[in-house]
Amino acid sequence: MPHFAKPAEGSWTAHYPALGTAPIDYNDSIDPAYYEKERVAVFRRSWLNVGRTERIPRTGNYFTKELVFAGTSVVVVRGPDAKVRAFYNICRHRGNKLVWNDFPNEETSGTCRQFTCKYHAWRYDLTGKLTFVQQEGEFFDLDKADYGLKEVACEVWEGFIFINLDPQQTLEEYLGPMVRGIAGYPFHEMTEVYSYRAEIGSNWKLFIDAFAEFYHAPVLHQKQAVKEEADKLIGFGFEALHYELDGPHSMVSSWGGMAPPKDINMVKPIERVLRSGLFGPWDPPDIEGLDALPPSVNPAQSRSWGIDSFVIYPNFMLLVWAPGWYLTYHYWPTAVNKHVFEASLYFVPPRNARERLAQELAAVTFKEYALQDGNTLEATQTMIASRAVTEFPLCDQEILLRHLHKVTHDRVKEYENAAAR
Amino acid sequence: MPLPADFADLEPYADWALATEPERYARRLASSMADMQAFYDAAFLRLEDAIAYCDKFPLDSLPDDAVTLMHLMQSLVMVSFPVEVWKQARVPDSGAAYLDVIAEPVVG
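Residues numbered from 1 in each chain as written. Chains lettered and ligands numbered in written order. Predicted model: local features only at pLDDT ≥ 70, side-chain atom pairs only at ≥ 80, totals over all residues. Heavy atoms only, no water.

Draft legend 1. Structural detail: the packing of aromatic side chains. Residue and element names in this part refer to chain A. Inspection of every chain in the model, using the stated rule, returns 36 aromatic pairs over all chains. Summarising the aromatic geometry, the rings of tyrosine 329 and phenylalanine 366 are spaced 6.2 Å apart at their centres and angled 25° between planes, so their arrangement reads as stacked. Of this pair, tyrosine 329 sits in strand S17 (residues 325-335) while phenylalanine 366 sits in helix H8 (residues 353-385); the two residues are 37 residues apart in sequence, bridging distant segments of the chain. Classification of tyrosine 329 as buried rests on a relative accessible area of 4%. (Phe/Tyr/Trp six-rings, centres within 6.5 Å; stacked < 30°, edge-to-face > 60°. Helix = DSSP H or I, 4+ residues; strand = E, 2+ residues; numbered from the N terminus. Buried < 20%, exposed > 50% of the residue type's maximum accessible area, 1.4 Å probe, protein only.)

In structure tokens form, the structure reads like this:
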């Protein structure tokens with residue numbers, strides 16, 4: 001007997017019949033040839049989030065982003081006209097990497113008035129124009145207007161900066177109605193950031209799989225709750241309030257009774273004192289915009305709503321938590337069986353020590369969970385790669401996984417077909 | 001920087017006053033459960049008092065002794081999982097997995 005209503009078709013998966021219900025072939029996560037196609041068919045052609053505008057609030061603020069899947073690097077910068085632009089991180093003279101510190105393959109950030117190449121001191125302004133050539137008279141018919149930095153498509157939505165190496169549509173078109181329906185959430189108020197990074201020994205899709213379902217939560221994380229609560233959770237299992245798919249993107253909306261808990265004895269002593277935990281600080285911040293939420297947030301309009309988790313295809317997840325904070329995940333493939341995982345927690349800046357420590361506990365708790373999640377992946381990757389078993393059944397609560405693998409399959413297929421023509 | 005005078009009982013644990021998460025996490029991994037339990041027992045009793053003391057000042061201009069106290073309480077949060085739940089310093093089932101903090105707000 002389900003605890004929450006499902007669509008009239010009987011299941012979330014049947015509500016989207018193109019998904020089918022067959023077991024999924026995970027060759028897409030172990031085959032190096034498939035990964036080569038994915039790099040072009042998926043990653044070069046998608047809008048990829050590279051962070052928030054608050055990271056570069058003033059003219060001349062910049063950061064670099066290594067795009068290993070494309071074997072390239074971009075620099076994202078705020079211009080004097082306040083516009084955020086992205087450029088390939090390459091000097092037009094002889095191809096030196098333009099912006100880096102000490103180690104060319106490490107990301108960097110800072111503030112500058114112009115970009116100066118370390119090699120021959122060619123200079124570019126913040127809009128990418130070439131402004132200075134060392135010993136310009138030694139060159140032949142060189143028009144500086146022809147040698148500006150090569151721009152990468154870059155658009156901003158709700159403070160999220162996206163780039164695209166080979167855009168097929170505008171960012172707004174790409175995001176579609178479901179994701180655009182998050183617009184208006186007070187992201188800009190949540191500027192207290194905790195960021196994490198790890199290199200993970202698995203295909204990028206396997207970590208999205210891990211975070212796009214909560215079916216695992218009562219089992220993998222059972223030791224994190226007090227025993228009686230853990231037993232109750234495992235008996236109950238997990239059912240979402242709502243699932244939605246829109247184009248390549250998807251979302252799951254979940255209940256969450258832990259912020260604050262119904263019974264204070266369900267949680268650990270430090271959570272009782274600091275009034276915080278995995279679901280974030282229990283007391284919502286005092287800002288506008290949390291009472292009337294945008295239409296895509298808590299779409300079931302459930303009173304027991306706790307969290308919405310959006311997969312913004314291909315590699316960006318956005319989690320909006322009921323108590324008024326959000327979390328982002330990024331999965332940057334570096335090989336068929338490796339990726340760089342990034343996570344950032346965003347809170348409204350604390351006004352006092354009590355709020356600061358409540359956020360500290362939420363951040364520390366996040367890491368305890370994520371380490372358990374991350375560690376299962378390398379083992380999963382190894383075993384899938386053994387090909388002892390190649391197809392895996394996914395349940396109705398794993399619909400987002402089924403969707404992720406199908407969308408990727410469809411894009412790779414479309415790319416193959418176009419190449420064959 | 002010493003702790004506020006009212007928190008002299010926590011002086012034996014003053015070396016837990018660490019400003020950043022990487023320092024606090026490394027200290028946790030390098031500590032025995034007995035050490036973490038002793039620190040937790042002493043600091044947890046004073047957590048509410050510490051919040052009350054620090055909240056007499058604006059968070060962005062805490063006096064030095066309150067900054068030290070905050071760093072100590074952040075370490076209390078760091079050891080709370082090992083002491084209250086795991087009974088070990090490392091997260092169970094986390095193997096060789098790691099997750100490095102690359103940006104965080106630092107008190108003080």
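Draft legend 2. Local environment of the sheet that holds strand S7 (residues 115-116) of chain A. Residue and element names in this part refer to chain A. One open sheet holds the three strands; their spatial order is S7-S8-S9, and the pairing between them is antiparallel. Two strands bound the open sheet, and with one partner strand each, they are S7 and strand S9 (130-132). Pairing between strand S8 (residues 123-124) and S9: two bridges, direction antiparallel. From the neighbouring strand, arginine 123 faces S9, where its bridge partner is phenylalanine 132. (Pairing = 2+ DSSP bridges.)

Draft legend 3. Summary view of H8 of chain A. All names here are of chain A. For H8, which comprises 33 residues, the first-to-last C-alpha distance of 48 Å matches the rise-based estimate of 48 Å (1.5 Å per residue) to within 8%. Among the residues of H8, the N-terminal cap falls to asparagine 352, whose side-chain oxygen and the backbone nitrogen of arginine 354 are separated by 3.2 Å. Directly beyond the C-terminal end of H8, a positive phi value near 60° is found at arginine 387. (Expected span 1.5 Å × (residues − 1). Polar contact = N/O pair within 3.5 Å; in protein donor to acceptor, adjacent residues only side chain to side chain.)

Draft legend 4. Highlighting the confidence of the model for chain B. Overall, the prediction assigns chain B a mean pLDDT of 96, with 100% of residues at 70 or greater. As a predicted assembly, this complex carries a pTM of 0.95 together with an ipTM value of 0.98. (pLDDT = per-residue confidence, 0-100.)

Draft legend 5. Looking closely at the side chain of serine 250 of chain A. All names here are of chain A. As for its position among the elements, serine 250 is in strand S14 (residues 249-255). By relative accessible area, which is 1% here, serine 250 ends up buried. Discounting residues that sit within four places of it in the chain, serine 250 has contacts with Met178, Glu244, Leu245, Ser309, Phe310, Val311, Leu400 and His403. (Contact = heavy atoms within 4.5 Å.)

Draft legend 6. Representation of the packing of helix H4 (residues 204-211) of chain A against helix H9 (residues 399-420) of chain A within the structure. All names here are of chain A. Two numbers describe how H4 lies on H9: the axes approach to 9 Å, and their chain directions differ by 155°. With respect to each other, H4 and H9 are oriented roughly antiparallel. Crossing of H4 against H9: the hand is right-handed. Residues Trp204, Lys205, Ile208 and Asp209 of H4 lie in contact with H9, whose contacting residues are Leu401, Leu404, His405 and Thr408. In the contact of H4 with H9, the residues fall into four nonpolar, two polar and two charged. (Axes fitted to C-alpha atoms, helices over the stretch in contact; angles between N-to-C directions. Parallel < 35°, antiparallel > 145°, perpendicular 65-115°, else oblique. Left-handed = near helix turned anticlockwise from the far one by under 90°. Nonpolar A, V, L, I, M, F, W, Y, C, P; charged D, E, K, R; others polar.)

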